[in-house]
Amino acid sequence: MSDCGCDAVTDCLKPLEEALALLLSHARAMEEIETVSLAEANGRVLAESVVSQINMPPWDNSAMDGYAVNTADLTAAGTQLVVSQRIPAGAAPTPLEPGTAARIFTGAPVPANANAVVIQEVCEQTGDSVIISELVAPGANIRLAGEDTQIGQEVLQSGTRMGAQHIGLAASVGVGELKVYRRLKVALFSSGDELIDPGKPLGPGQIYNSNEYTLQALLQALGCELVSLGIVEDTFSATCTALASAAAQADLVMTSGGVSVGEEDHLKPAVEKLGSLDLWKIAIRPGKPLAFGHIEGTPFIGTPGNPVSLFVTFCLFARPFILKSQGVSDDMVMPTPLLAKADFDWPKAEKRREFARAQLNLDDQGQAQITLFSSRSSGVLNSLTWANGLAILPEQQTLSRGDMVQFLPFSELLK
């Protein structure tokens, strides 16, 4: 029993931070490692740091189009020098002859004996010579060898989830293959006799199974490998069979629906029969009924049946759990909220922290402001297509228009 006099798992509402800490404490990073090409690395998590094989730049090169010179030859503004060579990117220049300039282009190697590049905008080429109208200091407009990266330098840390910028950096230092963690395999199913797959005609009392496809898309965006068991009938026996099958095939079991306490909600007793239930209710809205436990040793996350609740609880809890399980560094699994002023009043202090569907836009003065969706119903799925993030409305607190509010953009939650 907990201090509040209720069953610690099933009755008390667990604070968000405590619930999240519980989930993350059970997340175990993948141990299996694969080697993939750069072309296959997008979204994968590094299992081994990337070390540069070269200096970057590999040689002194020009940062601008212009003329390579030795500043000792520039005695005054208006100095005229013979152009002794032309150096495009990819060329191998000869040493600069004393008293001359070399026409050079961005990225091209700076010739020996040159110690500066004069930008072309202050130069005038006449025949075989160039008139340089401004003096420059040694080192001007030259990117030095190894200025960005040196041989043996760690450029990407283990635990990094690879994006386009990371892949480009690995390629730039000559790395063609990466060691990454195996993809997390997630088995999922939906619970509800009222559900039917999209594309089929609806019968009496039926609704389309949008949750299955929402959950699949969220998992695919995180690079998971999916095992879909489809729709499971609302019986205790079928639920137990599906859970056992899912746990045997995957690293994580996820479900949608059936996590409430009605007569037709069988997940709770089924999970308790096959394993353990560590979390049941969280002090947030939407998404109070979120289940977490283990089925024969395999982690289980049961999301609510209401589509908005499913989406919110996935973003807040399942996403960081999955990222950590994939090997992502602890400091990278949580989203970063923004601060903006409220374009609304929140006059009633609520008992649960609310993650309200909201838009972040600029007002007429160019200031960021947050506008809430008109309905708080967790069944209105189009509210998520209207919103571009979630406003965090603290529990036990009122707000007035103009107050600063935290905002979680979907760009942080859906990547």
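The structure this text deals with has already been given above.
So, how was this worked out
- Residues numbered from 1 in each chain as written.
- Predicted model: local features only at pLDDT ≥ 70, side-chain atom pairs only at ≥ 80, totals over all residues.
- Heavy atoms only, no water.
- Phe/Tyr/Trp six-rings, centres within 6.5 Å; stacked < 30°, edge-to-face > 60°.
- Helix = DSSP H or I, 4+ residues; strand = E, 2+ residues; numbered from the N terminus.
- Buried < 20%, exposed > 50% of the residue type's maximum accessible area, 1.4 Å probe, protein only.
- Salt bridge = Lys/Arg side-chain N within 4 Å of Asp/Glu carboxyl O.
- Core = buried A, V, L, I, M, F, W, Y, C linked by side-chain atoms within 4.5 Å.
- Contact = heavy atoms within 4.5 Å.
- Arc of directions from axis to C-beta.
- Bend = angle between axes of the 7 residues up to and from the residue.
- Pairing = 2+ DSSP bridges.
- Axes fitted to C-alpha atoms, helices over the stretch in contact; angles between N-to-C directions.
- Parallel < 35°, antiparallel > 145°, perpendicular 65-115°, else oblique.
- Left-handed = near helix turned anticlockwise from the far one by under 90°.
- Nonpolar A, V, L, I, M, F, W, Y, C, P; charged D, E, K, R; others polar.

Draft legend 1. Region of interest: the packing of aromatic side chains. Here the structure, examined in full by the defined rule, presents three aromatic pairs. Centre to centre, the rings of F311 and F410 are 5.4 Å apart; their planes meet at 75°, and the pair counts as edge-to-face. Residue F311 is located in helix α6 (residues 307–325), and its partner F410 is located in helix α8 (residues 410–413); the two are separated by 99 residues in the primary sequence. The exposure classification of F311 matches that of F410, with both residues buried.

Draft legend 2. Layout of the pattern of salt bridges. For the coordinates displayed, the defined rule picks out 15 salt bridges. Residues participating in the shared-partner salt-bridge network are E17, R353 and E395.

Draft legend 3. Up close: the nonpolar core. Counting residues in hydrophobic clusters, the biggest one holds 48 residues, and the most contacted among them are L219, M254, I301, F314, F317, I322 and F355. Listed by contribution, the elements that provide at least two residues to this core are α1 (16–26), β13 (185–191), α3 (210–221), β17 (252–256), β20 (289–295), α6, β25 (389–393) and α8. Looking at this core, the element that brings in the most residues is α6, giving 12 residues. If near-sequence neighbours (up to four positions away) are discounted, F314 is found in contact with L215, L218, L219, L222, M254, R319, P320 and I322. In this structure, A238, V253, A270 and F300 belong to the second largest nonpolar core, which totals 21 residues.

Draft legend 4. Region of the structure containing α1. Of the positions making up α1, those classed as buried are L16, A19, L20, L23 and L24. Down the axis of α1, the buried side of the element spans an arc of 130°, and every buried residue falls inside it. For α1, the elements touching its buried residues are β18 (275–281), β19 (284–285), β20, β21 (298–303), α6 and β23 (353–362).

Draft legend 5. Just α6, in detail. Along its length, α6 reaches its greatest deviation from straightness, about 45°, at F314. Burial analysis of α6 places 19 of its 19 residues in the buried class, which makes it a mostly covered element. One or two positions beyond α6, positive phi appears at G327, with a value near 100°.

Draft legend 6. Broad picture of the sheet that holds strand β7 (residues 116–119). Within the open sheet, the six strands sit side by side as β7-β4-β6-β5-β9-β8. Their pairing is mixed. Both outer strands of the open sheet, β7 and β8 (123–126), are each paired with one neighbouring strand and no more. Strand after strand, the sheet turns through a mean of 40° between neighbouring axes, direction not considered. In this sheet, strand β9 (residues 129–132) lies alongside β8 in antiparallel orientation, the contact comprising four bridges. Residue pairing for β9: C123 is matched across the bridge by I132.

Draft legend 7. Local environment of the packing of α1 against α6. Closest axis-to-axis distance for the α1/α6 pair is 9 Å, and the angle between their directions is 25°. Put simply, α1 runs roughly parallel to α6. α6 is crossed by α1, and the crossing has right-handed handedness. For the pair α1 and α6, contact is made by L16, A19, L20, L23, L24 and H26 and by L316, F317, P320, F321 and K324, respectively. In terms of residue class, the contact of α1 with α6 is built from nine nonpolar, one polar and one charged.

Draft legend 8. Representation of unusual backbone geometry within the structure. Look at the link from M56 to P57: it is a cis peptide, with omega at -5°. For the bond from R285 to P286, the omega torsion is -10°, close enough to zero to count as cis. Checked against the element boundaries, P286 lands in the loop between β19 and β20. Phi is positive for N113, which is not a glycine, with a value near 85°. For E296, which is not glycine, the phi dihedral falls at a positive 50°. On the basis of relative accessibility, which here comes to 53%, the residue E296 falls in the exposed class.

Draft legend 9. Highlighting the sheet that holds β13. Ordered by their spatial adjacency, six strands build an open sheet running β16-β13-β17-β21-β20-β18, and the pairing between neighbours is mixed. The sheet is open, and its two borders are formed by β16 (225–232) and β18, each paired with just one other strand. Neighbour-to-neighbour, the strand axes of this sheet turn through a mean angle of 15°, independent of strand direction. Both β18 and β20 contribute to a ladder of five bridges, which runs antiparallel. Bridged to G275 within β20 is I295. Sheet strands in contact with helix α4 (residues 236–249) are β13, β16, β17, β20 and β21, and its direction is about 175° off that of β16. The strands touched by α6 are β17, β20 and β21; relative to β17, the strand with the most contacts, the crossing angle is about 175°.

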